[in-house]
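Summary of structural features
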Amino acid sequence: MSDPEQAPLRDEPGQRPVAARRTVHEGMIADLVRDTVDFAEGVRFDREYVRHPGAVAVLALDDAERVLLIRQYRHPVGHELWEIPAGLLDLDGEAPHLAAARELAEETGHEPADLRTLVDLRPSPGGMDEVIRVYLASGVRESELEFERTDEEAALLIRWVPLAEAVTAVLEGRITNATTVAAVLALHALRGGGAGMSSLRAADAPFMERPGRD
């Protein structure tokens, strides 16, 4: 067995056997499920969590070192939040990077010349199985396509913001959307380390493993 102290720093799959699973509630987007987990010999317990389809998000960067943010009403928290464009992985067969490009176009009217994988997230692994991949978009230009925005998206505010200003807003607690915080700070770290987009994973890099999925 390899020494955990010497192994590369990475999350490792290790799905425990599930003796029983039932759906407690079927939601509009996600379901609440209860698993009976055989954790170890003689150790069995129940865990409830949200099964989520997953999502993608896009941090668009222009040549002036500005990032593209949107302000959107989020009813569960009762706030209008500054965020990066994002959306669910809810279309069968659609590749995640193509879903990200589609969301960028639908929410902001822009399309990227290039996408790279910026960061992967499991935003709340103690209570849900959601995974989010954030892409860094460059060569962004206005799309020739027109999209009709509905519901909360009908009132979106779109703004190009200097990266430094976005970083400051994050550190001062003025931007709190978790995906946006992670994306902005990841790009800041990338820039601070002197690395460019070529150092990032490809847009179609293998997606996060999701053990226990049917």
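In what follows, the accompanying structure is described. (Residues numbered from 1 in each chain as written. Predicted model: local features only at pLDDT ≥ 70, side-chain atom pairs only at ≥ 80, totals over all residues. Heavy atoms only, no water.)

1. Comments concerning the pattern of salt bridges
The condition that has to hold: In what follows, salt bridge is the name for a side-chain nitrogen of Lys or Arg lying within 4 Å of a carboxyl oxygen of Asp or Glu. Buried means the residue's accessible area, taken with a 1.4 Å probe over protein chains only, is under 20% of the maximum for its type, while exposed means over 50%, and partly exposed covers the values in between.
One pass over the structure, following the stated rule, counts 16 salt bridges. For Asp62, the salt bridge goes to Arg66, with nearest N and O atoms at 2.7 Å. For Asp62, a relative accessible area of 16% gives the class buried. Here Arg74 makes a salt bridge to Glu83, at a shortest N to O gap of 2.8 Å.

2. Examining the pairing of strand β5 (residues 66-74)
Applicable threshold: Two strands form a pair only when DSSP identifies at least two bridges running between them. Note on conventions: DSSP H or I runs of at least 4 residues are helices, E runs of at least 2 residues are strands, and numbering of each starts at the N terminus.
As paired strands, β5 and strand β12 (residues 157-162) are joined by six bridges and run antiparallel to one another. Counted as the bridge partner of Leu68 is Trp160 from β12. Relative to strand β6 (residues 79-83), β5 is paired through five bridges, and the arrangement is antiparallel. Within the sheet, the bridge partner assigned to Arg71 lies in β6 and is Trp82. Taking the residues that link successive antiparallel strands as the turn, the β5-β6 hairpin has four residues, and the phi of Gly78 there is positive, at about 65 degrees.

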